[in-house]
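# Residue-level structural notes
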Amino acid sequence: MNSVEASHAPDASGATPKQLDHIPNLKLSDGNEIPFLGYGLGTANFKRGDKSQFDEEVVAATVTALKAGYTHLDGAEAYGNEKELGTAITRSGVPRSSLFITTKTSCRASETIQQAFDRSLENLGLEYVDLYLIHSPFFGNPLSAPEVLQAAWADMEKIKESGRAKSIGVSNFLIPHLEAILATAKYPPVINQIEYHPYLQHVTPEGNLVEFHRQHNIALSAYSPLTAITKAKGGPVDAVYKKLANKYGVGESEVGLRWVLDQGIVALTTSKSEERLRGWLSKLAKFKLTPKEVEEISEAGKGTHHRGYWNNRFEENDRR
């Protein structure tokens, strides 16, 4: 292992990745590592309508990502495309040992987490996944009560002990949900996957979600990190992105992704363009923002609020 990289391996403390000629991995609290940049099977690849219909376009897009060099693939049962993800892995010819595969359970009230996990492995055609997440404990969800969360997490821990999930974590959890799990956890969650971008930094007078993770050695993974560009154009971050893109000779999307990476947070993104996918891998490895520039984007982002997902669960100005 490269000694320089090994001595500066970023972890859940939020340490920024050191400037290297490639994008490094982030070390999780259980000792496993996750690639900092991941290809997401949600958003553009999310299957709507009849989810039983096999979608060759999702397979093709995922194969494109694999051949472009993405080794971290983020899936979920709720996306409806686990079979497509598994097929893409097989068709790509990329060795399973070179890949980091994530999937998630929505934890249906009518079944156990073990049943959901078994189904996911069958759909994926895999013997194990690298990371398995419980997805969304929001209001009205079967996971809402602390004792239910704790029981569900105990089932997750059994899956980890079986070796069929190397790491276990959560998705869309807020501070009270994490506190409930941590109160009884044998194996604390290693990561929480959340919507995160300059217009949703999860800071309120009651708490700072990112800082809570730092304090408890829980890594963060950001989905929809480019919202300021893709869904909320015209906001206060635009000018900062443009200035920094000109400074570093990159696109604004690279600046947006670098803002996430330079906080020690995993970034999940997607595109059907092989050129764009390759460009992110190449350009993101060649520059990094200064701490002052990271803070400048953060401060600009506080000037507005935009939540792209779960708006049916939150009030308009709820920034948790």
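The rules we used
Residues numbered from 1 in each chain as written. Predicted model: local features only at pLDDT ≥ 70, side-chain atom pairs only at ≥ 80, totals over all residues. Heavy atoms only, no water. UniProt positions renumbered as here; feature names shortened; annotations may be inferred. Helix = DSSP H or I, 4+ residues; strand = E, 2+ residues; numbered from the N terminus. Rg over C-alpha atoms; globule rule 2.2 N^0.38 Å. Buried < 20%, exposed > 50% of the residue type's maximum accessible area, 1.4 Å probe, protein only. Contact = heavy atoms within 4.5 Å. Areas by Shrake-Rupley, 256 points an atom, 1.4 Å probe, with all protein chains shown as cover. Lys, Arg positive; Asp, Glu negative; His and termini not counted. Charge placed at Lys NZ, Arg CZ, Asp CG, Glu CD. Arc of directions from axis to C-beta. 1 Å grid on protein atoms, 1.4 Å probe; cavity = no way out; pocket = protein on both sides within 12 Å on 5 of 7 lines; lining within 4 Å. Points joined across faces, edges and corners; volume = space filled by probe spheres on them. Polar contact = N/O pair within 3.5 Å; in protein donor to acceptor, adjacent residues only side chain to side chain. Salt bridge = Lys/Arg side-chain N within 4 Å of Asp/Glu carboxyl O. Pairing = 2+ DSSP bridges. Axes fitted to C-alpha atoms, helices over the stretch in contact; angles between N-to-C directions.

An unreviewed UniProt entry lists the protein chain under the name NADP-dependent oxidoreductase domain-containing protein, with Triangularia setosa given as the organism. What UniProt states about the protein chain under its Sequence similarities (unreviewed entry) heading is, verbatim, "Belongs to the aldo/keto reductase family."

### Considerations on the overall build of the protein chain
Each helix and strand counted, the protein chain has twelve helices and twelve strands in total. A compact globule built from 320 residues would reach a C-alpha radius of gyration of about 20 Å, and the protein chain, at 19 Å, matches this within 12%. Projected onto its principal axes, the C-alpha coordinates of the protein chain cover approximately 50 × 50 × 45 Å. Counting every position in the protein chain, which comprises 320 residues, the buried fraction comes to 53%. In the protein chain, the share of contacts with a sequence separation of at least 24, taken over all contacts with a separation of at least 6, comes to 73%. When the accessible area of the protein chain is evaluated, it comes to approximately 13,800 Å², of which 50% is carbon and sulfur surface. The average position of the 36 basic charges and that of the 39 acidic charges among the side chains of the protein chain differ by 3 Å.

### Focus on helix α6 (residues 175-182)
Inspection of α6 places His177, Leu178, Ala180 and Ile181 among the buried residues, and these make up the whole buried set. The buried residues of α6 occupy one face: seen down the axis, they fall within an arc of 155 degrees. Against α5 (146-162), β7 (165-171), β8 (191-195) and α7 (209-215) lie the buried residues of α6.

### Observations concerning empty space enclosed by the protein
Summed over all chains, the structure comprises two cavities of 30 Å³ or more. If you trace the largest cavity, you find 13 residues lining it, with Phe138, Asn172, Glu195, His202 and Arg307 closest to the centre.

### So, the UniProt feature "site: Lowers pKa of active site Tyr" (unreviewed entry) in the protein chain
Feature annotation in UniProt places "site: Lowers pKa of active site Tyr" (unreviewed entry) on Lys104, given in this structure's numbering. The residue Lys104 is located in strand β5 (residues 100-105) in this model. Residue contacts for Lys104: discarding those within four places in its chain leaves Asp74, Gly75, Ala76, Glu77, Tyr79, Tyr132, Leu133, His135, Ser171 and Gln193. Within the local environment of Lys104, its side chain forms a polar contact with the side chain of Asp74, the two groups lying 2.9 Å apart.

### Focus: the pattern of salt bridges
Two side chains bearing opposite charge may form a pair once their charged atoms approach each other closely. For the coordinates displayed, the defined rule picks out 17 salt bridges. Its salt-bridge partner being Glu252, residue Lys233 comes within 3.0 Å of it at the nearest N-O pair. Remark: Glu252 occurs in helix α10 (residues 252-261) and Lys233 occurs in the loop between α8 (227-230) and α9 (238-248); sequence separation between them is 19 residues. Taking the relative accessible area as the measure of exposure, Glu252 reaches 23% and is therefore partly exposed. In this structure, a network of salt bridges that share partners links the residues Glu77, Glu111 and Arg119.

### What to know about unusual backbone geometry
In this model, His202 sits at a positive phi of 60 degrees, which is unusual for a non-glycine residue. Structurally, His202 is set in the loop between β8 and β9 (203-204). Taking relative accessible area as the criterion, His202 reaches 5% and is therefore assigned buried. Despite not being glycine, Asn217 has its phi angle at roughly 60 degrees, a positive value. Along the chain, Asn217 turns up in the loop between α7 and β11 (219-223).

### Some details on the sheet that holds strand β4 (residues 72-74)
Within the closed barrel, the eight strands sit side by side as β3-β4-β5-β6-β7-β8-β11-β12. Their pairing is parallel. Strand-to-strand, the axes of this sheet are offset by a mean angle of 30 degrees, without reference to chain direction. Alignment of β5 against strand β6 (residues 129-135), held across four bridges, turns out to be parallel. Considered in β6, the bridge of Thr102 is made with Leu131. Seen against the sheet, α10 touches β11 and β12 (266-269) and runs at an angle of roughly 145 degrees to β12.

### Observations concerning the side chain of Glu293
Along the polypeptide, Glu293 turns up in helix α12 (residues 291-301). A polar contact is formed between the side chain of Glu293 and the backbone nitrogen of Thr290, at a distance of 3.0 Å. Apart from residues lying up to four places away in sequence, Glu293 is in contact with Leu244, Lys247 and Tyr248.

### Some points on helix α3 (residues 82-92)
Think of an α-helix as turning once every 3.6 residues; residues three or four places apart then point the same way. Three or more residues of α3 are buried, namely Glu82, Glu84, Leu85, Gly86, Ala88, Ile89 and Ser92. Taken together, the buried residues of α3 touch α2 (56-68), β4, β5 and α4 (113-124). One or two steps after α3, the chain reaches Gly93, where phi turns positive at roughly 80 degrees.

### Considering the UniProt feature "active site" (unreviewed entry) in the protein chain
In this structure's numbering, the residues bearing the UniProt feature "active site" (unreviewed entry) are Tyr79. Along the chain, the position of Tyr79 falls in the loop between β4 and α3. The exposure class assigned to Tyr79 is buried, which follows from its relative accessible area of 13%.

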